Every structure is written in C-alpha cells, then in structure tokens.
Amino acid sequence: MQGSNRLEKALAEAGIEYRPTEFPNTGLHCSLSLGPDLVRPLATALRSNGFFIETVTAVDLLQENRFEGIYLFNHYDDPLRLLVRVPVERSRPVLPSIGGIFPGAVWHERETAEMFGITFQDCPDSRNLLLPEDADYHPLRKDFTGRS
Amino acid sequence: MTDRPVHHTGYHQLAAQPDPELVADGFVLSIFLLLGIIFALAPLVACRLLAPRSRNPQIGTIYECGMVAFGQATSARFGVFYYLYALIFIVFEVDVLYLFPIARIYRQGVGLAGFLEMLIFVCILFMAIVYAWKKGVWIWEREALSLR
Amino acid sequence: MGTGSTLPPVVHFGCLEQIFNLARANSLWPLTFGLACCAIEMMSAAGPRFDLDRFGAGVFRATPRQADVMIVAGTVTAKMAPTVVRLYNQMPAPKWVIAMGNCAISGGPFKLDFNYNVIEGVERLIPVDVHVPGCPPRPEALVEAFLKLEEKLTSDRRFPHPPEIPRRS
C-alpha cells in the first residue's frame, strides 16, 4: 500500500526499522520506542515526507521511575498514524525540542514542560502556556497532591 | 448698528466718555461670553461634585484587553491623505476670516472697485477648492478611501 | 455605588441621587467578560429570545471605560486573575460585578484539594454584588440577576410578582 511505503521511506531516511501495528486495535499504523537522540532526525524525515505533528505529551510512570515522551504524527493524504515513545529518566527529564522542525509543536511542548517538568532543549519558546508565570509545581505528575 | 458719520476726536477730547452704545454692546457680549464659558465648565464641576470616583493605580492606564501595554503610543499611524481635509478647512477658514471685516463695512459703500477686489480675493481662494475637486474629495466612494 | 476602590461623591443630593440611580439601573452597560461556558449563556441572554436589551443592558461594551457592570462569566484561572483585577480597576465608578456561574462564585467543579490553577470564586479578587448560581445558569437567571441589581440600586423591583406559569395538573 502506498501509504505504508511512504512511512517506511520516511523511517528509512532516519534509519529506523518499520514495524506495523494493527490499526483497529491500537488506532496506530506504527508504534516505536526511540532514544532521545533519534527524535530530531525522525522529525526532519517525517516533515520532508509531508507528515504533521498531532500532539506532543508525556506519561508519568512513577513505579518504573521514568517519563515517556509521546509524539503522535499523522499524514494529510494517507492514513498513517505514528506513535513514538521516548523514555527519559524521572530525576532529570530532558528531551530534544522539535519546535524548529514543526512550529505547531511549540505549544504542546510548552504545556508538557509545565505540566510534567520535562525540559525541551532549544525550544523556541519555553514560557508557561497555561500555568502562571511563577508556578514552580508540575500538576500532572503522579506524586502531585495539590499546591498546599 | 445705525449708520453714523465717523467723528474725529482731537487729542484734547481723549478724556471724553466712551460711546454708550458701544459700552452696552460690550456689556452684552461679555455676559454672553461668560455664559458660554460657564456652560462649558459647569458640567465638569457638577461631575466633580456629584459623581462617585474610582481611585486605584490602574484607573488611568492604557486599555490593552487587561494586559500591560508596552511601546509608544505614536506607533498608531493614520493616512497622510487626510491632509486634504486640513486643506479644505484652511481655505474656508481664512476666507471667512477676511470676509468678516469686508461685511462689516460693506454697507458704507465700497463701490465697484471694492467689489472687484473682493471678488478677486474669493476667486483666488476658490482655486484651492478646484484643486480639491481635481483630487476627488467631493466624491464619497463606497470603498475605503484609496491612496492617490 | 459599587464597593472596592470607589469613593462616594463629594456632595449628596438625596432626590437627585434617586433619579441618578433610576437612570443607572435602567441602563446598565455590561462589559463582555465571558471566560468559559457561562459566556455562551450570557450571549444567549443577550440574544433575541431572552432579550437583555429591554432592560437597557443589551449594549455590551468591549472596553471597561464605557461599562457599568462586569459580568464574570466563567472560570477564573490564576493566569487570568491579574487581568480580571486590572479590568475592574480600569472601570470608572459607579461599577458593579455579577459573578455568573458556579466557577465565578466559588470555583465550582474545580473546588478540590489538588486544584492548582483555579481561583475559587472571583470574590477573592474583586467585590461582587450579585451571585448567579448554576452550571451554567439559564439565561433567564442572568436576566433575574440584572433585575436584582436594579433592585439593589433603586430598592424597587421591576416585575415584583412574576406571572403564574399555567401548569397542567
């Protein structure tokens, strides 16, 4: 199918193997788990092949002591939904920013940064999006129990 | 005012009393002027006395949808084609200004020479109206005033 | 005259103030300050079905300089709080505030232990004259809020006895 060929091509550009998933079960055409240094090359390859960013968020896995950065990509013409999970350690969560490649991801990264405390390197805009400017708490962490 | 011959007072008659008609007119005019000023100032005074007042540091700040405004107010610009309105105003204003004394003494007989002089004066000022006519200010177009 | 940062007038004329209050009550110009879902009900109250214009309150001003009453319609977050206070301060006296909806009264559904961003009630920021409960309140409730505010100004209520709604029994 031409769609998966496009995805395969994009992934091959970034040097990643393509592993399809069952779309009716997962809602995704492909699900990957990468290291932080592969995020930017993958984003560049996807951008040049016509993909767009759906969302950038994170999941707090308290028991396993890590965050997982979540990137969802999609395509306008063909049904190609790609999920990328990037595990980072919980004590010092740092992820590379794709704000320079996908400008629409900047607001997602701002929200993820203020809600989880993840630092996005070289993000064009790293102010708080929803919380007040002087907020020093991260509400969506699993061990957050309120401001008091 | 009635037609009176102009009387020449010598220097020894400087201590003579002023013309009673002029004094009465001056009195009426000054009452009128005073009433005009009071008419303008009375609402301000009434407002000061009768209105409740807001007193806080932000009452006089620039409204910017609740945000703090920055930058100079001179960044607001308006089109230079409004100079045409200034032109029309000056023409009519100066016209009227110089026609007032002419109207004052007209009945005392200026003769044909005076009439022609006045006509030439008005015609010269009419040139400005012709200029504005050529610029098209008398035609109010449907769309926004285009820059010509 | 509204409370907070407003000072009463220098000279009080009893009869004149009654006339002024009557005029003010019948021409309360609101400031459009819809923050969340209650804004939809506020717009609906300004619409043709639940007309606010028949009470003189249909002219929603976009600037606080021309507004009499500030309808806080929706959730006030900690990020929006300084803006709310600044707009209230920029309104000239006399001014009133209607807190519309549960969020503006007390934080509404967000009044929890782990609430981190919602101001629990706009009364913590600015003085409120009328509270309109509901999530969201019906447009008729906002109309009733205006009638209550008029009653607060003139001590004389328009439609004191609403007509009986015929019920099928």
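Refer to the preceding data block for the structure.
Residues numbered from 1 in each chain as written. Chains lettered and ligands numbered in written order. Predicted model: local features only at pLDDT ≥ 70, side-chain atom pairs only at ≥ 80, totals over all residues.

1. Quick word on the overall build of chain C
So, point 1. Summing up its helical and strand segments, chain C has 5 helices and 5 strands in all.
So, point 2. Shown N-terminal to C-terminal, the secondary structure of chain C runs as helices and strands in the order β-α-β-α-β-α-β-α-β-α.
So, point 3. A compact globule built from 169 residues should have a C-alpha radius of gyration of about 15 Å, and chain C, at 17 Å, falls within 12% of that.
So, point 4. Dimensions of chain C, computed from C-alpha atoms along their principal axes, come out at roughly 55 × 50 × 25 Å.
So, point 5. Counting the 169 residues in chain C, one finds 38% classified as buried.
So, point 6. When contacts within chain C are restricted to residue pairs at least 6 apart in sequence, those whose partners lie at least 24 apart make up 78%. (Helix = DSSP H or I, 4+ residues; strand = E, 2+ residues; numbered from the N terminus. Rg over C-alpha atoms; globule rule 2.2 N^0.38 Å. Buried ≥ 20, exposed ≤ 12 C-beta atoms within 10 Å, placed from the backbone. Contact = placed C-beta atoms within 7 Å.)

2. Concerning the pairing of strand 3 (residues 66-75) of chain A
Residue and element names in this part refer to chain A.
So, point 1. Pairing of strand 2 (residues 51-61) with strand 3 involves 10 bridges; the strand directions are antiparallel. Note that in strand 3 the partner of Thr57 across the bridge is Ile70.
So, point 2. Counting the residues between successive antiparallel strands, the hairpin from strand 2 to strand 3 contains 4 residues, one of them, Asn65, with a positive phi of roughly 60 degrees.
So, point 3. Here strand 3 pairs with strand 4 (residues 82-89) via 8 bridges, running antiparallel. (Pairing = 2+ DSSP bridges.)

3. Quick notes on the interface of chain C and chain B
So, point 1. Facing the 19 residues of chain C at the interface are 14 residues of chain B.
So, point 2. Of all the elements in the fold, those that place two or more residues in the side of chain C that touches chain B are strand 1 (6-7) and helix 3 (81-90) of chain C.
So, point 3. Take the side of chain C that touches chain B: its biggest share by element is 5 residues, from helix 3 of chain C.
So, point 4. Its residues placed into classes, the side of chain C that touches chain B shows 11 nonpolar, 6 polar and 2 charged.
So, point 5. As paired elements, strand 1 (residues 53-54) of chain B and strand 1 of chain C share 2 bridges and run antiparallel to each other. Among the inter-strand pairings, Arg53 of chain B is bridged to a residue of strand 1 of chain C, identified as Leu7 of chain C. (Nonpolar A, V, L, I, M, F, W, Y, C, P; charged D, E, K, R; others polar.)

4. Re unusual backbone geometry
Across residues other than glycine, the phi torsion is negative in most instances, and most of the peptide bonds are trans.
So, point 1. Omega for the bond connecting Ala93 of chain C with Pro94 of chain C falls within 30 degrees of zero, at -5 degrees, which places this linkage in the cis form.
So, point 2. With an omega of -10 degrees, the peptide bond between Cys135 of chain C and Pro136 of chain C qualifies as cis.
So, point 3. One can find Pro136 of chain C in the loop between strand 5 (130-132) and helix 5 (139-154).
So, point 4. Non-glycine residue Cys65 of chain B carries a positive phi angle of around 55 degrees.

5. Comments concerning the sheet that holds strand 4 of chain A
Residues and elements named next belong to chain A.
So, point 1. Reading across the sheet, the 4 strands line up as 1-4-3-2 and stay open at both edges, with mixed pairing between neighbours. Here the strands that pair on one side only, and so sit at the sheet edges, are strand 1 (30-33) and strand 2. When the angles between neighbouring strand axes are averaged without regard to direction, this sheet yields 20 degrees.
So, point 2. By the bridge criterion, 4 bridges tie strand 1 to strand 4 in an arrangement that is parallel. Across the sheet, residue Ser33 finds its bridge partner in strand 4, namely Arg85. (Axes fitted to C-alpha atoms, helices over the stretch in contact; angles between N-to-C directions.)

6. Quick look at the interface of chain A and chain C
So, point 1. Across the contact, 9 residues belong to chain A and 7 residues belong to chain C.
So, point 2. Residue classes in the side of chain A that touches chain C are distributed as 6 nonpolar, 2 polar and 1 charged.

7. Some points on helix 3 (residues 111-135) of chain B
Since the α-helix turns once every 3.6 residues, residues separated by three or four places project in the same direction.
Residues and elements named next belong to chain B.
So, point 1. Spanning 25 residues, helix 3 covers 37 Å between terminal C-alpha atoms, matching the ideal 36 Å at 1.5 Å per step.
So, point 2. In terms of residue burial, helix 3 counts as a barely covered element, since only 0 of its 25 residues are buried.
So, point 3. Looking one or two residues beyond helix 3, the residue adopting positive phi is Gly136, at roughly 85 degrees. (Expected span 1.5 Å × (residues − 1).)

8. Some details on the arrangement of the chains
So, point 1. Take the 2 pairs of chains in contact: the one carrying the most contacts is chains B and C.
So, point 2. Nothing in chain A touches chain B, and the closest approach of their C-alpha atoms is 14 Å.

9. Quick look at the nonpolar core
So, point 1. Counting residues in each nonpolar core, the largest one holds 40 residues, and the members touching the most others are Met70, Val72, Ile98, Ala99 and Met100 of chain C.
So, point 2. Where this core is concerned, the elements lending two or more residues are helix 2 (38-46), strand 3 (69-73), helix 3, strand 4 (96-100), helix 4 (102-106), strand 5 and helix 5 of chain C.
So, point 3. Discounting residues that sit within four places of it in the chain, Met70 of chain C has contacts with Leu31, Phe33, Leu87, Tyr88, Met91, Lys95 and Val97 of chain C.
So, point 4. Grouped together as the second largest cluster of nonpolar side chains are 29 residues, Leu82, Leu95, Ala113 and Met115 of chain A included. (Core = buried A, V, L, I, M, F, W, Y, C linked by C-beta atoms within 7 Å.)

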